[in-house]
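Survey of secondary and tertiary structure
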Amino acid sequence: MAVTLRPEIAALPPYRQGRAAAAEAFKLSSNENPSPTHPAILAAIGESNLNRYPDGAATELRARLAERAGVSIDEVHVGAGSSSILYQLVQAAAGHGDEVIYPWRSFEAYPGIVTVAGATSVQIPNLPGGHHDLDAMAAAITDRTRVIIVCTPNNPTSTIVTTAQFTAFMAKVPPTVLVILDEAYFEFVTDPHAVSGLVELQNHPNLVVLRTFSKAFGLAGLRVGWTVGASYILDAARSAAIPLAVTEPAQRAAIAALDVEADLLSGVAELIERRTRVFEGLTAAGLTVPEPHGNFVWVAAGAETSAVAAVLEDGGIVGRVLGADGIRISIGEEESVERLLDSAARVVATLPLAAENARLG
Ligand SMILES: Cc1ncc(COP(=O)(O)O)c(C=O)c1O
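All of these numbers come straight from a predicted model, not from anything done at the bench. (Residues numbered from 1 in each chain as written. Predicted model: local features only at pLDDT ≥ 70, side-chain atom pairs only at ≥ 80, totals over all residues. Heavy atoms only, no water.)

A few points about the overall build of the chain
If you tally the helices and strands in the chain, you get 14 helices and 12 strands. Taking 21 Å as the expected radius of gyration for a compact globule of 361 residues, we find that the chain reaches 20 Å, a close match to that expectation. In terms of overall dimensions, the chain has C-alpha extents of about 55 × 55 × 50 Å along its principal axes. A buried classification covers 53% of the 361 residues belonging to the chain. Taking contacts inside the chain between residues at least 6 apart in sequence as the whole, the part at least 24 apart equals 73%. In the chain, 25 side chains carry a positive charge and 39 a negative one; their mean positions are 4 Å apart. (Helix = DSSP H or I, 4+ residues; strand = E, 2+ residues; numbered from the N terminus. Rg over C-alpha atoms; globule rule 2.2 N^0.38 Å. Buried < 20%, exposed > 50% of the residue type's maximum accessible area, 1.4 Å probe, protein only. Contact = heavy atoms within 4.5 Å. Lys, Arg positive; Asp, Glu negative; His and termini not counted. Charge placed at Lys NZ, Arg CZ, Asp CG, Glu CD.)

So this is what it looks like as structure tokens:
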């Protein structure tokens, strides 16, 4: 006889990682930063005392982040990747019978995080063009709503929420509902109208802002994320955390990354410039692509998604296939750009994609 598991957990699909690429192909399936690790970060990791447990409170890293964000250290919490913090926040605020509202498509981890907490997902479809339908998200609030997740830039559509849209949305959210603004790709945003979570915190006591070292700072392999918000909310997240999960190498690397932030952000600027060329190239090839604000672009391909992925893969580009909705392609190495644009031209020439993509994109 098998042991009795929670049926909703047993039924969960395991988290799907971006597919690995063959040696000669580019892995553009996980929104990773293609730059090699900065030598100052490697040096800092080398000083770790691996025989000791890490500082569970990550005091030095939190102090640095607090100073940078202009808040007190108690208003900063770090986790083993911002995904861990998402788990903690949702578990701290929502349980059985409670609802968590989020846009869909969005970050693939959200549904599992809600299910693990025992709560119920309320997924609000994005508008055509990939933007959050914030009116519909606000209209979905009930007396069971405990958490709302807003993701900007949204993974996978790469669209943003503007300050004006966010302000109008927050005016409709009760102050007892926790709003998580997931800004994993914040550093890639250049649009001056985009909402900025750290600015908005002053206006909304029920808001927490989620950031990560995995993307712009290139530390995906070490797992460090951070969040800023009211200390009593973050205390609840800390209570829901696995103790000592942010390792000493990870803390050291994150501090070193802050020390060389200017270097890392100049790498981000290169990626942004590359993103522009990818966006313009895909559009010129005849694809409808939402203007990208993260380190990735979104090709809504509907029923043609797996066929598009196959053509791209033939051309040495491994993107992230998301059901029958579309394919997300990260901005990767410089050499990947030409390959991607050549493959996109082949997609347009060989697949009956145009009408479907224009309708969905
Ligand atoms: C929107 C969004 N939020 C959060 C994360 C989690 O990142 P990490 O756990 O590496 O900090 C990701 C990772 O892809 C993401 O796309």
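What follows continues from the structure just given.
Here's the deal with the sheet that holds strand β11 (residues 320-322)
Pairing between the strands of a sheet is mediated by backbone hydrogen bonds and can be parallel or antiparallel. In spatial order, the strands read β9-β12-β11; together these 3 strands make up an open sheet with antiparallel pairing. The open sheet is flanked by β9 (296-300) and β11, the only strands paired with a single partner. On average, each strand axis in the sheet is tilted by 20° relative to the strand beside it, whichever way the strands run. Bridge count between β9 and strand β12 (residues 326-330): 5 bridges; the pairing is antiparallel. Directly across from Val297, in β12, lies its bridge partner Ile329. The strands touched by helix α12 (residues 305-314) within the sheet are β11 and β12, with β12 carrying the most contacts at an inclination of about 35°. (Pairing = 2+ DSSP bridges. Axes fitted to C-alpha atoms, helices over the stretch in contact; angles between N-to-C directions.)

With respect to the site of the ligand
Neighbouring residues of the ligand: 13 residues in total, closest Ser82, Ser83, Tyr185, Thr212 and Ser214. Within the side chain of Asp182, one N or O atom sits 2.7 Å away from a nitrogen atom of the ligand. Separating an oxygen atom of the ligand from a side-chain N or O atom of Tyr185 is a distance of 2.6 Å. Relative to its unbound accessible surface of 400 Å², the ligand loses 94% to contact with the protein. Of the residues belonging to the shell around the ligand, the class tally is 4 nonpolar, 6 polar and 3 charged. (Near = heavy atom within 4 Å. Polar contact = N/O pair within 3.5 Å; in protein donor to acceptor, adjacent residues only side chain to side chain. Areas by Shrake-Rupley, 256 points an atom, 1.4 Å probe, with all protein chains shown as cover. Nonpolar A, V, L, I, M, F, W, Y, C, P; charged D, E, K, R; others polar.)

Any link to function would need more than the numbers given here.
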